[in-house]
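So the chains spell out like this:
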Amino acid sequence: MKDGIKTATLTIGDKSLELPVHSPTAGPDVIDIRRLYADGGVFTYDPGFTSTASCDSTITFIDGGKGELLHRGYPIDQLAEKSHYLEVCYLLLYGYLPSAEQLETFENTITRHTMLHEQMQNFFRGFRRDAHPMAIMVGVVGAMSAFYHDSTDIADARQREIATHRLIAKMPTIAAWAYKYHIGQPFVYPRNDCSYAGNFLRMCFAVPAEDYVLDPILERAMDRIFTLHADHEQNASTSTVRLASSSGANPFACIAAGIACLWGPAHGGANQACLEMLEEIGSVDRIPEFIARAKDKNDPFRLMGFGHRVYKNFDPRAKVMKQSADEVLELLGVENNPKLQVAKALEKAALEDPYFAEKKLFPNVDFYSGIILEAMGFPTSMFTPIFAVSRTVGWISQWKEMIADPQNKIGRPRQLYLGETVRDYVDIEDR
Ligand code: SDX
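As the structure is a computational prediction, the values presented were derived from the model and not from experiment.

Undergrad: Sorry, what's going on with a nonpolar patch on the surface here?
TA: Residues Tyr45, Leu416 and Leu418 make up a contiguous nonpolar surface patch of roughly 400 Å² in combined accessible area. Within the element layout of this structure, leucine 418 appears in the segment after helix H18 (383–404).

Pasting the structure below:
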């Protein structure tokens, strides 16, 4: 303790440094190392940021040991059960549950920003038909900064608000239109008399040749999937958005960077990879073979949808997703879906295996989501775009928080340099 501040003492050679320790409202204390290099002449070393807090935040908290996820203090299972996606968006953006009037105003604002500038259709048509929808989303969202100049000045709070509304509102349209372009069907425009989830389903599955009847079961399942993926502390794509934003880049470019990072199979791409893995396993009797491969250090194969950097217990979203999978597939009359049977048997076998128990590997949010999405009619290539639609509010909420933080400065990590020390150039004739 120094001057009433909790401290940690670090001894480096003959130097002894007192580093301030900050205590959170929940989770571990943090050691403030901002003066470490100036006062101690050393860097810390933490590839993958396994023990590093990159910022302070009030938005989302994860207790990995308990398998708890809170958005502004509200547990995800309660939000999934009692709330809906646009209300969770409001909660993440503004920090409290809205009144009925506040929610109505917010929902009306989002609903009336769902259309895209008509000329943006040209971007979709510039892609090959077989382009992955995530490639199209990265391109089109980045291109929004070329169309919406009146909401790119991040120093202007009103422009930040407009950009926030535009991104949350237009992401479903962009994702749906990426899908329609991919399958060669005409774009379907959003409708103001549809819910957020209903609009997305309609823009994906309606065709001009007949009326589209929205199934309320699918609408509720879609909204719940959006809710479950909305935010998740400083995950890789959120950290990407924060780092991109720290240079002052416009919000559309920063969200495009987040989409690109989310695409990776170790992150948001795991839902697609998990379903492809379940297809490869094919039947329950091949599960031991794949469990063995997942445990084999010489085999790069990993169980997709399993494990997590933070959760060392069940991912609470996976629990809700599993329950939703049972409900949706039963209501759709496909409860005997072979992939669901394989997934349940695989989960059981893995959780009973000492390897997974010792390493605290449990199903994560991506383990069951793909089964529901496939049952709803989506191809695997649309799974990560749906994750990106949902996570946009998380990225934007974290972006807003960072922009408003007076400590905000450009992110610029250092390194442990192991390369050549200085040496003179050698002319080619002397090499
Ligand atoms: C998401 O960060 C977030 O919050 C992300 C996310 C969000 O909402 O934003 O929750 C969304 O990305 C969920 C995770 C989706 N990814 C997958 O399902 C892909 C499969 N999972 C793994 O790739 C892995 O578990 C990670 C990437 C999720 C976590 O990797 P870590 O934290 O770097 O852990 P690690 O790779 O160091 O693994 C620890 C040990 C290793 O064994 P050892 O080297 O200690 O012997 O566990 C093993 C790993 O080999 N391991 C697995 C495994 N995951 C980890 N072994 C088999 N199968 C797996 N899935």
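After that view, the rundown keeps rolling.
Undergrad: Explain the site of the ligand to me, please; I cannot follow it from the model alone.
TA: If you check the shell around the ligand, you find 24 residues, and the closest are His232, His308, Arg309, Arg317 and Arg391. Within the side chain of tyrosine 355, one N or O atom sits 3.2 Å away from a nitrogen atom of the ligand. Relative to its unbound accessible area of 1,000 Å², the ligand is 77% covered by the protein chains. In terms of residue class, the shell around the ligand is made up of ten nonpolar, seven polar and seven charged.

Undergrad: What is the right way to read the sheet that holds strand E2 (residues 15–22) from this model?
TA: Each strand in a sheet pairs with another by means of backbone hydrogen bonds, the pair being arranged parallel or else antiparallel. Spatially, the three strands line up as an open sheet ordered E1-E2-E3, and their pairing is antiparallel. In this open sheet, the two edge strands, each paired with only one partner strand, are strand E1 (7–12) and strand E3 (30–31). Across two bridges, E2 lies against E3 in antiparallel orientation. In the strand pairing of E3, histidine 22 is matched with valine 30.

Undergrad: Before we go on, may I ask you to explain the environment of phenylalanine 378 in this structure?
TA: Among the structural elements, phenylalanine 378 can be located in the loop between helix H17 (366–375) and H18. It is 9.8 Å that separates the C-alpha atoms of phenylalanine 378 and leucine 201, two residues lying 177 residues apart in sequence. Once residues lying within four places of it in the same chain are set aside, the contact partners of phenylalanine 378 are Phe200, Leu201, Cys204, Phe205, Met222, Leu373, Phe383 and Ile386.

Undergrad: Would you mind showing me how to read the packing of aromatic side chains here?
TA: For any two aromatic rings, the description comes down to two numbers: the centre-to-centre distance and the angle of the planes. The tally for this structure, following the rule as stated, stands at 24 aromatic pairs. Seen from their ring centres, tyrosine 85 and phenylalanine 226 are 5.4 Å apart, and the 45° between their planes marks the pair as tilted. Residue tyrosine 85 is found in helix H3 (residues 85–94), and its partner phenylalanine 226 is found in helix H9 (residues 216–228); the two are separated by 141 residues along the sequence. Judged by relative accessible area, tyrosine 85 falls into the buried class, the value being 0%. For the pair phenylalanine 367 and tyrosine 368, a centre-to-centre distance of 5.0 Å together with 90° between the ring planes defines the contact as edge-to-face. Here the aromatic residues Tyr85, Tyr179, Tyr196, Phe200, Phe205, Phe226 and Phe378 are joined through ring pairs into a cluster of three or more. Just above the ring of tyrosine 181 sits the side chain of arginine 129; from NZ or CZ to the centre is 4.1 Å. One Lys or Arg, arginine 414, reaches over the ring of tyrosine 37 and ends 5.8 Å from the middle of that ring.

Parameters at a glance
Residue positions are given per chain, counted from 1 along the sequence in the order it is written. For a predicted model such as this one, the threshold for reporting local features is a pLDDT of at least 70, and the threshold for listing and counting side-chain atom pairs is 80 or more; totals across whole chains, interfaces and linings nevertheless cover every residue. Side-chain metrics rest on all non-hydrogen atoms present in the structure, leaving aside hydrogens and water. Residues forming no salt bridge and having over 30% relative accessible area are the ones grouped into patches, like charges within 9 Å of each other and nonpolar side chains (Val, Leu, Ile, Met, Phe, Trp, Tyr) within 5 Å. For every accessible area listed, the method is Shrake-Rupley and the probe measures 1.4 Å; residues are considered covered only by the protein chains on display. The term salt bridge refers to a side-chain nitrogen of Lys or Arg lying within 4 Å of a carboxyl oxygen of Asp or Glu. By definition, any uninterrupted DSSP run of H or I lasting at least four residues is a helix, any uninterrupted run of E lasting at least two residues is a strand, and each is numbered from the N terminus. One heavy atom suffices: a residue is near a molecule or strand as soon as one of its heavy atoms comes within 4 Å of it. Side-chain atoms alone can form a polar contact between residues adjacent in sequence; in general such a contact is a pair of N or O atoms within 3.5 Å, and within protein one must be able to donate a hydrogen while the other accepts it. Residue polarity follows a fixed list, in which Ala, Val, Leu, Ile, Met, Phe, Trp, Tyr, Cys and Pro are nonpolar, Asp, Glu, Lys and Arg are charged, and the others, Gly among them, are polar. One bridge is not enough; two strands pair if DSSP finds at least two bridges between them. Any two residues having at least one pair of non-hydrogen atoms within 4.5 Å are treated as being in contact. The rule is short: rings of Phe, Tyr and Trp, with Trp giving its six-membered ring, pair when the centres are within 6.5 Å, and they are stacked under 30 degrees, edge-to-face over 60, tilted in between. Buried residues are those whose accessible area, probed at 1.4 Å on protein chains only, stays under 20% of the maximum for their type, while exposed residues exceed 50% and partly exposed ones sit between those limits. In our convention, an over-ring charge means Lys NZ or Arg CZ found within 6 Å of a ring centre and within 35 degrees of that ring's normal.

Don't take any of this as a statement about function, it's just geometry.
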